[in-house]
Amino acid sequence: MRGPLSLIDIDQLSSEDIQWILETAESFEEVSTRAIKKVPTLRGKTVVNLFYEASTRTRLSFEVAAKRLSADVLNFAAQQSSVSKGESLKDTALTLEAMGVDAIIVRHSSAGAPHLLSLWVEPRIINAGDGMHAHPTQALLDLYSLRKARGDVAGCRVALVGDIAHSRVARSDLQAFSKMGAEVTLVGPPTLMPAGVERFGAKVSHDLDEVIPDCDVLYMLRVQLERQAEGLFPDLREYSELYGLNSDRMRRAPRDVVVMHPGPMNRGVEISAEVADDPRNIVTDQVVNGVAVRMAVLYMMLGGD
Amino acid sequence: MCALEEMTGVSKESVRVMEEPDIKRALNRIAHEIMEKNRGAQDLCIIGIRTRGVYMAERIAGIIREVEGVAVPVGTLDIAMYRDDIGTKPSPEVRSTDIPCDVTGMSVILVDDVLFTGRSARAAMDAVIDFGRPHSIQLAVLIDRGHRELPIRADYVGKNIPTSRTEKVRVALRELDGTDAVDRDSQEPEGLDSSVREGS
């Protein structure tokens, strides 16, 4: 496998590429079950986590993945760096390049930042979330988790529920799930649907209760609490009433429905505390699988010539 | 293949060096040598190196079970994560590894189809040691074709086959290829295919 020079979005991967990543992740999963959780595969490589936005699981997940492959990891948080003195993204990236890093894992609040980086510097660029654009490794780990939970993604009826307009997870998941043969329905209030949503080629619904009896997967997106200030939905209670997943709705879903969430969960908003703790909610599996999938992505990007 | 040979002027000659009964006898002998050297089958763990080593390991364990009445644990090892040429060619495929027992204190028999440069055996030894501290590691191969690049030798050899560096040795096993056979393909002129790896 010859990996891409930069991983910006799901649409640059073919379904064969995705298949390769998922199968490789399966092999790497075993490493995390060993007494000594480390293999020498990427020794001598250096990766940097360049995070301009807060993150818990994505950053830690990439760090654990890189360390299990014996790569060296540098962590960069914008708040504690020269960025606070006004250093630009480009100069920061050139500094990292000068230090000889092999890959830059970047999260940024502006869509397109990872793409720009890939034009400016030599190291491999991996998008760990850019603005409202894309979050490809989240989509890959979601595919991997769903495949483990259901056996196959093809033919699965997936409802992506919540703030579709502002969610990079929704965009990447929609592409990834559709590419692997799942049937995706986007569910949310009209104010949280992006303009021109029809062009995505997915079904759209504003009524969660109508969708629930006929879906295999309920993917609950995080309500970005800061959006309420923009007046896009009246209040959290109403949102929760109409689009939150609670025990009542779970009873109307197929018995073997799979519940997914990218984390962090707002308990009591998009997902009730009871459903958050329901064994059909695979959010912690998603975290576990994230490490294996990111090992596969790092290996794809750095293991070749 | 023929068209390619005509176009490039490369002549290729294939010689059958082992037939099914030869392979059966060789594995039988290897299994007996393993039992002899280890005084039975206690504390043995047989680990096949992917791909064809895995089937050989299962066959050897089957013979030991028949003779000694002991079910020896059989494992599968993929060495891609331990290769020394990472970063010099496209990322090799990584497949699963399954070591069914704690190797600490065990005598580990690594099984591979062809021993060539010794680099696969080196990678496999490093991998096994990451799982624990075995009492010993021994190496069993169906074919030893020479041309070592590391100080490694096999403890059990089915057949020594003198080869030139550019020749290919192809091992076919029933479980994967539908038939048991070993062929040597000579390829002229020399030096065309320097990337020929053992086994594959």
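Residues numbered from 1 in each chain as written. Chains lettered and ligands numbered in written order. Predicted model: local features only at pLDDT ≥ 70, side-chain atom pairs only at ≥ 80, totals over all residues. Heavy atoms only, no water.

*Asks:* How should I be thinking about helix H8 (residues 236-243) of chain A in this particular structure?
*Replies:* Residues and elements named next belong to chain A. Buried within H8 are the following residues: Tyr239, Ser240 and Tyr243. Down the axis of H8, the buried set is contained in an arc of 100 degrees. They therefore lie on one face. In H8, the exposed positions that point more than 90 degrees away from the buried face belong to Arg237 and Glu241. Check the buried side of H8 and you find it contacts strand E6 (157-161), strand E7 (183-187), helix H7 (208-211), strand E9 (217-220) and helix H9 (247-252). The backbone nitrogen of Arg237 has a side-chain oxygen 3.2 Å away, supplied by the residue at the start of H8, namely Asp235. (Buried < 20%, exposed > 50% of the residue type's maximum accessible area, 1.4 Å probe, protein only. Helix = DSSP H or I, 4+ residues; strand = E, 2+ residues; numbered from the N terminus. Arc of directions from axis to C-beta. Contact = heavy atoms within 4.5 Å. Polar contact = N/O pair within 3.5 Å; in protein donor to acceptor, adjacent residues only side chain to side chain.)

*Asks:* Please explain the interface of chain A and chain B as it appears in this structure.
*Replies:* Interface size is commonly expressed as the accessible area that is lost once the parts come together. Contacts between chain A and chain B engage 20 residues on the former and 16 residues on the latter. Around 1,700 Å² of area is buried between chain A and chain B when both sides are counted, 54% of it from carbon and sulfur atoms. Contact with chain B buries area across many residues of chain A, yet Ser27, Arg34 and Tyr299 of chain A alone supply 29% of it, more than any other trio. Scanning the region where chain A abuts chain B turns up zero salt bridges. Counting every contact that joins chain A to chain B gives eight residue pairs in polar contact (both at pLDDT 80 or more). Elements supplying a minimum of two residues to the side of chain A that touches chain B: helix H1 (15-29) and helix H11 (283-302) of chain A. Among the elements that line the side of chain A that touches chain B, the one with the most residues is H1 of chain A, at five residues. Its residues assigned to classes, the side of chain A that touches chain B comprises nine nonpolar, five polar and six charged. (Buried area = accessible area lost by both parts, 1.4 Å probe. Salt bridge = Lys/Arg side-chain N within 4 Å of Asp/Glu carboxyl O. Nonpolar A, V, L, I, M, F, W, Y, C, P; charged D, E, K, R; others polar.)

*Asks:* Explain the nonpolar core to me, please; I cannot follow it from the model alone.
*Replies:* Here is a general trend for soluble globular proteins: nonpolar side chains tend to be buried in one another's company. Counting 91 residues, the largest nonpolar core has Phe28, Phe177, Leu186 and Leu298 of chain A together with Leu77 and Leu110 of chain B as its most contacted members. Top element by residues in this core is H11 of chain A. It accounts for eleven residues. Both of domain 1 (6-133 + 287-302) and domain 2 (136-282) of chain A provide at least three residues apiece to this core. Each residue touching Leu186 of chain A, except ones within four places of it in the same chain, is listed here: Leu160, Ile164, Leu174, Met193, Val197, Phe200, Ala202, Lys203, Val204 and Ser205 of chain A. By size, the runner-up hydrophobic cluster in this structure holds 31 residues, among which are Ile23, Ala31, Tyr156 and Val169 of chain B. (Core = buried A, V, L, I, M, F, W, Y, C linked by side-chain atoms within 4.5 Å. Domains from an automatic or database assignment.)

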